[in-house]
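# Summary of structural features
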Amino acid sequence: MKNISQKTLRDKIEIDGIGLHNGVKVNLSIKPAKPNSGIVFKRIDIENNNIIHANFKNVVEPILCTKLKNDSGASVSTIEHLMAAFYGEGIDNALVEIDAPEIPILDGSAIDFVDAIKGVGIEEQNVKKKFIKVLKKVEVKDGSKFISIEPLNYDLIIDFEIVFNNPLIRKRRKEFKLSSDNLSEIYNSRTFCLYEDIDNIKRMGLAKGGSLENAIVVQGDKILNEDGLRNRHEFVYHKILDCMGDIMLSGNRIFGHIKTSQGGHALTNKLLKKFFSEKSNWCYENFENIEKQNQNSYEKPLAINV
């Protein structure tokens, strides 16, 4: 029988770095938290009203990153890689203390967060997880872009297509199944951009901390990073990583099949808002049914160990 207990960290994690977009040095402390507390950010550089809950309803300005803001205006941005690490490693409850408004970008992937979580270990808690079951298909369209979620039993699939007017990236599509596919390449895939977009991104006041140390830069048919790609699907795998981090903002893990073309932070957030706006779209899955299903199954273990 698979383990469906909630999980937190065994010990505190300390990480420092710079923010990708604000370029500010930041110290991050991730601490264990009680069952049913979820993922909570705390801006320790702010004295009052400094708690920000990791929830899709708190997302603002999802441009090139995911940003959360509380009712008092305190914010934390570029949370998606850390949230993806929590999703993949099964962390349900954690307190993330931060002394600046942006999570450190580190190497542009989630691998350092994952290694840190594995380094301190994971503690199982004596409370069952909640799972969200998709009851019917929900879709959001924006021109040629779209994202949808539809029913799937006891697993998560993210089917992601990227389309770039670039001779190296072009059109790429991969499907990731949480129960059976390799998370390590997803974790290890870095954020990327086109060289010709950098000036415009900086005019927007973003990427002040960006460099070849924390992002892949593509110019024409060349990768400017000396070491090239870490895996042949790194571009689309990073988009899957972002998507996984953004759906962690649902507050519980989702059993469903996500399909998207040219998706991103804003489109995923619109999907979550639309999906949860109608109670007929979803329900909580009964963990007793899950346990019974696993006891009767002779197939490869499902994704409910997260």
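Going by the structure above, here's the rest.
All of the points below concern the structure found in this document. As the structure is a prediction and not an experimental result, all values here were calculated from the model.

Our focus in this paragraph is the packing of helix α1 (residues 80–89) against helix α5 (residues 234–247). Put simply, α1 and α5 touch, their axes get as near as 7 Å, and they point 75 degrees apart. Here α1 lies roughly perpendicular to α5, going by the angle between them. Together, Glu80, His81, Met83, Ala84 and Tyr87 of α1 and His238, Leu241, Asp242, Met244, Gly245, Asp246 and Ile247 of α5 make up the contact between the two elements.

Quick look at the sheet that holds strand β4 (residues 39–43) now. Backbone-to-backbone hydrogen bonds join strands into a sheet, with any given pair of strands oriented parallel or antiparallel. In space, the five strands of this open sheet follow the order β2-β3-β9-β4-β5, with mixed pairing throughout. The open sheet is flanked by β2 (13–18) and β5 (51–53), the only strands paired with a single partner. Within this sheet the neighbouring strands show an average axis-to-axis angle of 25 degrees, counted without direction. Sheet topology note: the strand β3 (residues 25–32)/strand β9 (residues 94–98) ladder contains five bridges and is antiparallel. Residue pairing in the sheet places Ile30 in a bridge with Val96 of β9. The strands touched by helix α2 (residues 111–120) within the sheet are β2 and β3, with β2 carrying the most contacts at an inclination of about 165 degrees.

On to the sheet that holds strand β17 (residues 216–219). If you trace the three strands from one edge of the open sheet to the other, you get β16-β17-β18, paired in mixed fashion. Across the chains shown, the open sheet's two edge strands, defined by having one partner strand only, are β16 (192–194) and β18 (222–223). Pairing of β17 with β18 involves two bridges; the strand directions are antiparallel. Across the sheet, residue Val218 finds its bridge partner in β18, namely Ile223. Relative to the sheet, α5 contacts β16, β17 and β18, its axis offset from that of β17 by approximately 135 degrees.

This paragraph deals with the nonpolar core. Looking at soluble globular proteins, one finds that nonpolar side chains tend to be buried together. One finds Ile39, Phe41, Phe86 and Ile103 to be the most contacted residues of the largest nonpolar core, which totals 73 residues. In contact with Phe86, not counting residues within four places along its chain, are Ile30, Ile39, Ile91, Ala94, Val96, Ile117, Met248 and Arg253.

Another point: the packing of aromatic side chains. Within this structure, the stated rule accounts for eight aromatic pairs. Consider the rings of Phe56 and Phe276, whose centres lie 5.1 Å apart with planes at 20 degrees: the pair is stacked. You can see Phe56 sitting in the loop between β5 and β6 (59–60) and its partner Phe276 sitting in helix α6 (residues 265–277), a full 220 residues away along the chain. Per residue, the accessibility class of Phe56 equals that of Phe276, and both read buried.

The rules behind the values
Residues numbered from 1 in each chain as written. Predicted model: local features only at pLDDT ≥ 70, side-chain atom pairs only at ≥ 80, totals over all residues. Heavy atoms only, no water. Axes fitted to C-alpha atoms, helices over the stretch in contact; angles between N-to-C directions. Helix = DSSP H or I, 4+ residues; strand = E, 2+ residues; numbered from the N terminus. Parallel < 35°, antiparallel > 145°, perpendicular 65-115°, else oblique. Contact = heavy atoms within 4.5 Å. Pairing = 2+ DSSP bridges. Core = buried A, V, L, I, M, F, W, Y, C linked by side-chain atoms within 4.5 Å. Buried < 20%, exposed > 50% of the residue type's maximum accessible area, 1.4 Å probe, protein only. Phe/Tyr/Trp six-rings, centres within 6.5 Å; stacked < 30°, edge-to-face > 60°.

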